[in-house]
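Below, each chain spelled out in residue letters.
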Amino acid sequence: MPDKIDLVACTKEDQDQILHGLMEHNCTAFEGRPLETMVVDLSRKAVDESGALVGGIVARQYLWECAYVDILWVKKDQRSKGLGTRLLREVEQEASANGARLIHLDTFDFQAKEFYEKQGYQVFGALKNCTEGHTRYYMKKEL
């Protein structure tokens, strides 16, 4: 008879432990690479002269030659000034220097699809009605 197992909400520490467990499993596919070398945080933030946060990018490189952009955000009054491009380029350059050959991300039709296309990203998949009436695009770029 199986043990009683409850499903409950996660804390940030729980999420980290879940990610650690998955990465530990993934290491078996890469012939013993140490877990601590499997993920490199590429995240950056943009701050103004007062130190206030005006934008940022959350990205990771999985050392199987692939990087992923989870979040790119620029404060409304800083948009269309090249800051998003700078943040994205910084991540792409660091990932490439670390040996990445591909970077990918996702965005909705009401977010930044055209911006990413201008940066050289191509749609490789779309999920229609992911939010009713909207499409979520999956995009990639060869580095």
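In this text the structure is predicted, and so the values were computed from the model without any measurement. (Residues numbered from 1 in each chain as written. Predicted model: local features only at pLDDT ≥ 70, side-chain atom pairs only at ≥ 80, totals over all residues. Heavy atoms only, no water.)

S.K.: Summarise the side chain of Thr 135; cite the residues concerned and give the values.
M.R.: For Thr 135, the position within the fold is in strand S7 (residues 134–142). Note on Thr 135: relative accessible area 12%, which makes it buried. Not counting residues within four places of it along the chain, the set of residues in contact with Thr 135 comprises Thr 107, Phe 108, Asp 109, Ala 126, Leu 127 and Lys 128. (Helix = DSSP H or I, 4+ residues; strand = E, 2+ residues; numbered from the N terminus. Buried < 20%, exposed > 50% of the residue type's maximum accessible area, 1.4 Å probe, protein only. Contact = heavy atoms within 4.5 Å.)

S.K.: Hey, could you go over the layout of surface pockets for me, with residue numbers and the actual values?
M.R.: Sizing a probe to match a water molecule and rolling it over the atoms shows the empty space that remains. A volume near 570 Å³ is recorded for the largest pocket. Along the walls of the largest pocket sit 24 residues, with Leu 72, Trp 73, Ala 112, Phe 115 and Tyr 116 positioned nearest its centre. Here the element with the most residues in the lining of the largest pocket is strand S4 (residues 66–74); it accounts for 7 residues. Broken down by class, the residue content of the lining of the largest pocket amounts to 12 nonpolar, 7 polar and 5 charged. (1 Å grid on protein atoms, 1.4 Å probe; cavity = no way out; pocket = protein on both sides within 12 Å on 5 of 7 lines; lining within 4 Å. Points joined across faces, edges and corners; volume = space filled by probe spheres on them. Nonpolar A, V, L, I, M, F, W, Y, C, P; charged D, E, K, R; others polar.)

S.K.: I'd love a proper account of the nonpolar core, names of residues and values included.
M.R.: Ile 57, Val 69 and Tyr 121 are the most contacted members of the largest nonpolar core, which has 20 residues in total. Of all the secondary-structure elements, those providing two or more residues to this core are strand S3 (53–62), S4, helix H2 (83–97), strand S5 (102–108) and S7. Here this core takes 5 residues from H2, the largest share from any one element. Aside from chain neighbours lying at most four places away, what touches Ile 57 is Ser 43, Arg 44, Val 69, Ile 71, Leu 72, Leu 87, Leu 88 and Val 91. Cys 27, Met 38, Tyr 62 and Tyr 68 belong to the second largest nonpolar core, which has 5 residues in total. (Core = buried A, V, L, I, M, F, W, Y, C linked by side-chain atoms within 4.5 Å.)

S.K.: So what about the pattern of salt bridges? Which residues, and what values?
M.R.: This structure, assessed with the given rule, holds 9 salt bridges. In this structure, Arg 44 engages Glu 94 in a salt bridge whose closest nitrogen and oxygen atoms are separated by 2.1 Å. Of this pair, Arg 44 sits in strand S2 (residues 44–47) while Glu 94 is found in helix H2, placing the two residues 50 residues apart along the sequence. According to the relative accessible area criterion, Glu 94 is partly exposed, its value standing at 23%. (Salt bridge = Lys/Arg side-chain N within 4 Å of Asp/Glu carboxyl O.)

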